[in-house]
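# Descriptive structure summary
Given next are the chains, with one letter for each unit.
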Amino acid sequence: MIAPHATSAPASVRTVTKAVVPAAGLGTRFLPATKATPKEMLPVVDKPAIQYVVEEAAAAGLDDVLMVTGRHKRAIEDHFDNAFELEQALTAKGDTVRLDSVRDPARLANIHHIRQGEPLGLGHAVLCARRHVGDQPFAVLLGDDLIDPRESLLSRMLDVRDRYSGSVVALMEVEPEQIHLYGCAAVEATAEADVVRVTGLVEKPSRQDAPSTYAVIGRYVLDPAVFDTLERTPPGRGGEIQLTDALQELAAGGTVHGVVFDGLRYDTGDKADYLRTVVRLACDRDDLGPEFTAWLKEFVAGLEDGAVADRRRQAA
């Protein structure tokens, strides 16, 4: 396994200042909860998932964030806006803790919104950001992947972009039987332990066709050259414009690198992973962890005792 690297440059010297957060998907795996509520707004403990993503971008020094949303996603815009009536009510009560929590989302960064007319794939969502981004490199953060705030993955990727130019993708080694769930990278080693050169990319390959066990996870730092490539990228898997296909073309030119990540990542992409994420983050909270962990141990012990009792009854 290629080892992780934690060194990062100060945000003040960054050449990348803009982040794009695609949030236009229909969230069909979470129906009926997402019939009227954007999947990105589902709470992870007491914050919507998308807030964790924006906090990560801001912590890495990216103070210009573009949300690519769709119809029925107005709740996302409202969350990152001021809520005057609520703020006034909390101020009148002297509830400064909740007042700060309400104000924080709007203070994270300069947040902009654009609508993707129809969900035509991640590549198309990125292409929607072209006018806002212009000819600058930019980061893309997907809301299904939450990176623990103690990790420095995005900062490390920005360092690699500064050093090598081109585009940078985040990679994570997964079990071979899971690779069909991800984009997969063919890689070559570099002089840096946690940095590889990406020579090819395949979107959700079978285990037999996968060039490696390195999966692309939801963090990218992209060169603006990706826009011209996306313009001529035809629909691929699922009839959608795949970002992986565009990066494959750039990788063939030797301009894509990968940062291998071996830290804490939380997946909210399906129901079971979402529930695991909520439990893990709740257990890690100073204000919730001790009490919740104690209850969880009792609950699991009760499940095990119940399973033992069921087996005894069946044996009898």
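Residues numbered from 1 in each chain as written. Predicted model: local features only at pLDDT ≥ 70, side-chain atom pairs only at ≥ 80, totals over all residues. Heavy atoms only, no water.

### What to know about the layout of surface pockets
Basically, it comes down to this: Cavities and pockets are found on a 1 Å grid laid over the protein atoms alone: a cavity is a set of points where a 1.4 Å probe fits but cannot escape, a pocket is an open set with protein on both sides within 12 Å along at least five of seven lines, and a lining residue has an atom within 4 Å of such a point. Grid points are joined across faces, edges and corners, and a volume is the space filled by probe spheres set on the points. Helix numbers and strand numbers start at the N terminus; a helix is a DSSP run of H or I with at least 4 residues, a strand a run of E with at least 2. Each residue gets one of three labels, nonpolar for Ala, Val, Leu, Ile, Met, Phe, Trp, Tyr, Cys and Pro, charged for Asp, Glu, Lys and Arg, and polar for the others, Gly among them.
Reported here for the largest pocket is a volume of approximately 1600 Å³. Contributing to the lining of the largest pocket are 49 residues, with Arg29, Lys39, Leu142, Asp144 and Lys204 lying nearest its centre. Looking at the lining of the largest pocket, the elements that each hand over two or more residues are strand E1 (18-23), helix H5 (122-127), strand E11 (214-222), helix H9 (243-252), strand E13 (265-267) and helix H10 (271-283). Across the lining of the largest pocket, the residue classes break down as 19 nonpolar, 14 polar and 16 charged. The computed volume of the second largest pocket comes to approximately 480 Å³.

### Examining empty space enclosed by the protein
A full pass over the atoms with the stated rule returns one cavity of 30 Å³ or more. Each pocket or cavity is described by its volume, and for the largest cavity that value is around 80 Å³.

### Quick notes on the nonpolar core
Rules: As used here, the term nonpolar core means buried Ala, Val, Leu, Ile, Met, Phe, Trp, Tyr and Cys residues forming a set that is joined through side-chain atoms within 4.5 Å. Throughout, exposure labels follow a simple rule: accessible area from a 1.4 Å probe, protein chains only, divided by the maximum for the residue type, with under 20% read as buried, over 50% as exposed, and the rest as partly exposed. We call two residues in contact whenever any of their non-hydrogen atoms come within 4.5 Å of each other.
The biggest cluster of nonpolar side chains holds 42 residues, and the ones touching the most others in it are Ile50, Leu62, Met67, Leu153 and Val221. If one sorts the elements of this core by residue count, helix H1 (residues 49-59) sits on top with six residues. Other than its neighbours up to four places away in sequence, Leu62 contacts Val16, Thr17, Lys18, Ala19, Ala57, Ala109, Ala139, Leu154 and Leu158. Counting residues in hydrophobic clusters, the runner-up holds 33 residues, among them Phe138, Val198, Leu250 and Ala251.

### Comments concerning the pairing of strand E4 (residues 64-69)
Here is the rule: Paired strands, in this sense, are two strands between which DSSP finds at least two bridges.
In terms of residue burial, E4 counts as a mostly covered element, since six of its six residues are buried. Residues Asp64, Leu66 and Val68 of E4 are buried on one face, and the alternating residues Val65, Met67 and Thr69, pointing to the opposite face, are buried as well. The pairing of E4 with strand E5 (residues 110-115) spans six bridges and is parallel. Looking at E5, one finds that Leu66 is bridged to His112.

### Concerning the environment of Ala252
Considering the arrangement of structural elements, one finds Ala252 in helix H9. For the pair Ala252 and Ser206, spaced 46 residues apart in the sequence, the C-alpha separation amounts to 21 Å.

### Notes on the pairing of E11
Along E11, nine of the nine residues are buried, which leaves the element largely enclosed by surrounding structure. Direction of pairing for strand E6 (residues 138-141) relative to E11: antiparallel, over a ladder of four bridges. Opposite Leu141, over in E11, you have Arg219 as the bridge partner. Examined bridge by bridge, strand E8 (residues 167-173) and E11 share six bridges and lie antiparallel to one another. Bridged to Glu173 within E11 is Tyr214.

### With respect to the packing of helix H3 (residues 84-93) against helix H4 (residues 96-107)
Cut-off, in case you're wondering: Only the stretch in contact is used when a helix axis is fitted, and all axes are lines through C-alpha atoms; the angle between N-to-C directions ranges over 0 to 180 degrees. In these notes the angle categories are as follows: under 35 degrees is roughly parallel, over 145 is roughly antiparallel, 65 to 115 is roughly perpendicular, and the rest is oblique. Left-handed describes a crossing whose near helix is turned anticlockwise from the far helix through less than a right angle; right-handed describes the clockwise counterpart.
Where H3 contacts H4, the axes come no closer than 9 Å and their chain directions differ by 160°. Considering the angle they form, H3 stands roughly antiparallel to H4. As H3 runs across H4, the sense of the crossing is left-handed. Here Leu86, Glu87, Leu90 and Thr91 of H3 lie close against H4, whose contacting residues are Arg98, Leu99, Val102 and Arg103.

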